[in-house]
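Here is how the chains run, residue by residue.
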Amino acid sequence: KADTFSLMYDSATADPQLQQFIEVETQKQRFQQLVHQMTEVCWEKCMDKPGPKMDSRTEMCFVNCVERFIDTSQFILNRLEQTQRSRGSFSETMSD
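Residues numbered from 1 in each chain as written. Predicted model: local features only at pLDDT ≥ 70, side-chain atom pairs only at ≥ 80, totals over all residues. Heavy atoms only, no water.

Heads up, the rule is: UniProt positions are given in the numbering used here, feature names are shortened, and annotations may be inferred rather than shown by experiment.
Per an unreviewed UniProt entry, the protein goes by the name Mitochondrial import inner membrane translocase subunit and belongs to Sparus aurata. According to the UniProt record, the Subcellular location (unreviewed entry) comment for the protein is "Mitochondrion inner membrane". Note on the protein: under the UniProt heading Subunit (unreviewed entry), the record states "Heterohexamer; composed of 3 copies of TIMM8A and 3 copies of TIMM13, named soluble 70 kDa complex. Associates with the TIM22 complex, whose core is composed of TIMM22."

Quick look at the state of the cysteines
Put plainly, two cysteines are in a disulfide when a covalent bond ties their sulfur atoms together. We count it as follows: A pair of sulfur atoms, both from cysteines and within 2.5 Å, is called a disulfide here. For helices the rule is a DSSP run of H or I covering at least 4 residues; for strands it is a run of E covering at least 2, with both sets numbered from the N terminus onward. Note on classification: 1.4 Å probe, protein chains only; a residue is buried when its accessible area is under 20% of the maximum for its type, exposed when over 50%, partly exposed between these limits.
Per the counting criterion, the structure on display carries two disulfides. Here Cys-42 is linked by a disulfide to Cys-65, with a sulfur-sulfur distance of 2.0 Å. Between Cys-42 and Cys-65 the disulfide shows an S-S torsion of about -90°. By sign, it is left-handed. Note that Cys-42 is positioned in helix H2 (residues 16–46) and Cys-65 in helix H3 (residues 56–95), a separation of 23 residues in sequence. Judged by relative accessible area, Cys-65 falls into the buried class, the value being 8%. Linked covalently through their sulfurs, Cys-46 and Cys-61 form a disulfide whose S-S length is 2.0 Å. For the disulfide bridge between Cys-46 and Cys-61, the dihedral angle about the S-S bond is near -75°, and by the sign convention the bridge is left-handed. Separated by 15 residues along the polypeptide, Cys-46 in helix H2 and Cys-61 in helix H3 bring together distant segments of the chain. Grouping residues by exposure puts Cys-46 and Cys-61 together as buried. Each bonded cysteine of the protein is numbered by sequence order, and under that numbering the disulfide pairs are 1-4, 2-3.

Observations regarding the packing of aromatic side chains
This is how it is decided: Pairing of aromatic rings covers Phe, Tyr and Trp, the last counted by its six-membered ring, and requires centre-to-centre distances within 6.5 Å; plane angles under 30 degrees mean stacked, over 60 mean edge-to-face, and any other angle means tilted.
Summed over the entire model, instances satisfying the criterion amount to one aromatic pair. Pairing Trp-43 with Phe-62 gives two aromatic rings, centres 6.2 Å apart and planes at 50°, and the pair type is tilted. Of this pair, Trp-43 sits in helix H2 while Phe-62 sits in helix H3, and the two are 19 residues apart along the sequence. Residue Phe-62 is classed as buried on the basis of its relative accessible area of 16%.

Okay, here's the thing in structure tokens:
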């Protein structure tokens, strides 16, 4: 008996448009998770006491926090890509 996930997976691999849609939605979800995580981290780090106005020190803290978060995320992604490429070339060498 096939489960629902298997049926969805099979139809996604068979239909390129559906596969593209799933990839786009997955990317959207990852982006939303990243924004949520960044907001949570920077809020905890920068917001001392919420008030009607944000002072310049708090605003600069948020700006710096977001920039560092983006820089760090980009660094991690680049490192993972390098690791994947080196593993790919290593496994190709091993299979020759």
